[in-house]
Amino acid sequence: MCAWSRTARSRSPPAPRARDLLPSVVPALVVGVVCSLLLVGVSLAAEELQDVLWQVLPDALGVGRYSVLWMFVVLVATGIAVGLVVWKVPGHAGPDPATTGLDAPALPPMVLPGLLLATALMLAGGPSLGPENPIIAVNVSLAVWLGARAAPRAPGRGWAVLAEAATIGALFGTPVAAALVVSEALAGQRIKGRLWDSLFAPLTAAASGALTATLVSQPSFDLRLPPFGSPGWADLLSALAVAAVGALLGMCAVHALPYVHGAFQRLRHPMLMLPAGGAVLGALAALGGHLTLFKGLDEVAELAADPGGWSAGQFATMTVVKLAALLVATSCGFRGGRIFPAVFVGTALGLCAHALVPGVHPAVGVSAGVLGVLLAITRQGWVSLFVAAVLVASPGILALLCFASLPAWLLVTGRPQMQLRADGTPVR
């Protein structure tokens, strides 16, 4: 055992015993299943509404499903619908989404129905946000509220950690992502026993949530890109360059957030802010095409299925438009998270690099682009590495991504995050 490990163990509190950890298994399993089912339920409801808005209605009216007119109409209508929820529903659909991240506070129960409704409407209507932030907030709030009644002596933070881990496991279809997020959150904290003692209950909840989501909805992040073999020097250079460009591109959105958010805040009322945001998103969709709508996972799979199907200019346009749409949707008040749209931005960037320089392997370009953009947008190092690697089913890509993360991290560390405080100033 190395010296630093012996020193750390000598200063840490006594490790819990097995009988101390076992009572957490059943609550963690229950939280995992419930959180996963809520996520799947909201996603399925949003998909049904999406089919109505983007297939049934335009077909019945005789207009193109993704015509410029229809995209503009639906996005503005979505802004009006979400604006009504934020304005009239008790709790106003929770806090300003620009001020929230994955680490969600427990909200009063009266807020949750409006937040769920606003999230489902957003997912169906096409704004470029994912479900992660609001669903984590809802699950954390329910877990803390119900847990306080089932076990009044248990700390509320423990229920919150279980719900966060369970939801992240369900979102990505694997508990590994949750374990990485919790491990990063524990960094620098004094924990009792070994790291795995602290991860035992959250990992149980995450595994339960991931397995439930897999059995019910079978989520998959594998883009089935052209197979990537052993990495070479050219691949390393490609990964370093694309990840750095992705980080710089993401930081452009980060620095623009306070200004764009401030511009929408001047409208003061959700029935002005959200329809105006919908109108801007409609204009962006007209520029970037229908693939730049929605949270982006299905659209990413469509891009990856045919890496040569678009020109470098088209990929570049989609990259910039999707990033702008993410920025606008976050700023004007749509309830949603930023991880999944950032994956689309990184994917389009990586495929643009491949189109410009055919020597850039599509798998290398996509994974490095996603890594760089996510590092800038989320400032979550482990999650960024995990998501970038899981998109490409190749063990050889991981070493490249570890190298590529180093210059990208130097570009983003110590700088503002894509999250604001209540007063509108950036979080660092």
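All of the points below concern the structure found in this document. Please read these numbers as outputs of a predicted model, since none were measured by experiment. (Residues numbered from 1 in each chain as written. Predicted model: local features only at pLDDT ≥ 70, side-chain atom pairs only at ≥ 80, totals over all residues. Heavy atoms only, no water.)

### Here we look at the packing of helix 11 (residues 270-288) against helix 13 (residues 312-332)
- Running from amino to carboxyl end, helix 11 crosses helix 13 at an angle of 175°, the nearest separation of the two axes being 9 Å. By the angle between their directions, the pair helix 11 and helix 13 is classed as roughly antiparallel. On helix 13, the residues that touch M273, L274, G277, V280, L281, L284, L287 and G288 of helix 11 are T317, M318, V321, A324, A325, V328, A329 and C332.
- In terms of residue class, the contact of helix 11 with helix 13 is built from 13 nonpolar, three polar and no charged. (Axes fitted to C-alpha atoms, helices over the stretch in contact; angles between N-to-C directions. Helix = DSSP H or I, 4+ residues; strand = E, 2+ residues; numbered from the N terminus. Parallel < 35°, antiparallel > 145°, perpendicular 65-115°, else oblique. Contact = heavy atoms within 4.5 Å. Nonpolar A, V, L, I, M, F, W, Y, C, P; charged D, E, K, R; others polar.)

### Details of the packing of aromatic side chains
- In this structure the tally under the stated criterion is five aromatic pairs.
- Ring centres 5.5 Å apart and planes at 75° place the aromatic pair W54 and F294 in the edge-to-face group. Here F294 lies in the loop between helix 11 and helix 12 (297-305) and W54 lies in helix 3 (residues 25-61), a separation of 240 residues in the sequence.
- A residue is classified by how much of its surface remains accessible, and W54, at 1% relative accessible area, is buried.
- Taken together, the ring pairs in this structure connect W54, Y66 and F294 into an aromatic cluster.
- The ring of W87 carries the charged tip of K88 above its face, separated from the ring centre by 4.1 Å.
- Sitting above the plane of the F344 ring, K322 keeps its charged end 5.2 Å from the centroid. (Phe/Tyr/Trp six-rings, centres within 6.5 Å; stacked < 30°, edge-to-face > 60°. Buried < 20%, exposed > 50% of the residue type's maximum accessible area, 1.4 Å probe, protein only. Lys NZ or Arg CZ within 6 Å of the ring centre and 35° of its normal.)

### Some thoughts on helix 10 (residues 233-265)
- With 33 residues, helix 10 should reach 48 Å at 1.5 Å per residue; the first-to-last C-alpha distance of 48 Å fits that figure.
- The sharpest bend along helix 10 comes to roughly 40°, located at A256, with the proline P258 sitting one to four residues further on. (Expected span 1.5 Å × (residues − 1). Bend = angle between axes of the 7 residues up to and from the residue.)

### Considerations on the nonpolar core
- With 131 residues, the main nonpolar core has F172 and F334 as its most contacted residues.
- In contact with F172, not counting residues within four places along its chain, are A177, F221, I339, F340, F386 and V387. (Core = buried A, V, L, I, M, F, W, Y, C linked by side-chain atoms within 4.5 Å.)

### Brief notes about the packing of helix 3 against helix 5 (residues 112-125)
- Direction vectors running N to C along helix 3 and helix 5 enclose 45°, while the axes themselves pass 8 Å from each other. Judged by the inter-axis angle, helix 3 sits oblique to helix 5. Once helix 3 is placed against helix 5, the crossing between them reads as right-handed. Listed contacts from helix 5 to L38, V42, A46, L49, Q50, L53 and W54 of helix 3 are L116, A120, L121, L123, A124 and G125. (Left-handed = near helix turned anticlockwise from the far one by under 90°.)

### Digging into a negative patch on the surface
- Negative charge collects at one region of the surface, where E47, E48, D51, D298 and E302 lie side by side.
- Sorting the residues of the negative patch by element identifies helix 3 and helix 12 as the ones contributing at least two each.
- In terms of residue count, the dominant contributor to the negative patch is helix 3 (three residues). (Patch = residues over 30% accessible without salt bridge, like charges linked within 9 Å, V, L, I, M, F, W, Y side chains within 5 Å. Areas by Shrake-Rupley, 256 points an atom, 1.4 Å probe, with all protein chains shown as cover. Salt bridge = Lys/Arg side-chain N within 4 Å of Asp/Glu carboxyl O. Lys, Arg positive; Asp, Glu negative; His and termini not counted. Charge placed at Lys NZ, Arg CZ, Asp CG, Glu CD.)

### Observations regarding a nonpolar patch on the surface
- A surface patch of nonpolar side chains, amounting to about 460 Å² of accessible area, comprises V33, L37, L211, L215 and V216.
- Counting only elements with at least two residues in the nonpolar patch, the list comes to helix 3 and helix 9 (195-217).
- Residue position: L215 is located in helix 9.

### Description of helix 3
- Compared with the 54 Å implied by 1.5 Å per residue over 37 residues, the 53 Å span of helix 3 between its first and last C-alpha is a close match.
- Taken as a whole, helix 3 carries its principal kink of about 35° at V52.
- Directly beyond the C-terminal end of helix 3, a positive phi value near 75° is found at G62.

### Observations concerning the environment of G83
- Note on placement: G83 falls in helix 4 (residues 68-88).
- With a relative accessible area of 0%, G83 lands in the buried category.
- The spatial distance from the C-alpha of G83 to the C-alpha of H255 is 26 Å, given a sequence separation of 172 residues.
- Every residue in contact with G83, bar those within four places of it in the chain, is listed here: P270, M271 and L274.

### Looking at the pattern of salt bridges
- With the rule as written, the count across this model stands at one salt bridge.
- With a shortest N-O distance of 2.7 Å, R65 and D59 are connected by a salt bridge.
- You can call D59 partly exposed: its relative accessible area is 43%.

### Some points on unusual backbone geometry
- Although it is not a glycine, H92 adopts a positive phi angle of roughly 55°.
- For H92, the location among the structural elements is in the loop between helix 4 and helix 5.
- Overall, the relative accessible area of 44% leaves H92 in the partly exposed class.
- Of note in the backbone geometry, F294 takes a positive phi value of approximately 65° without being a glycine.

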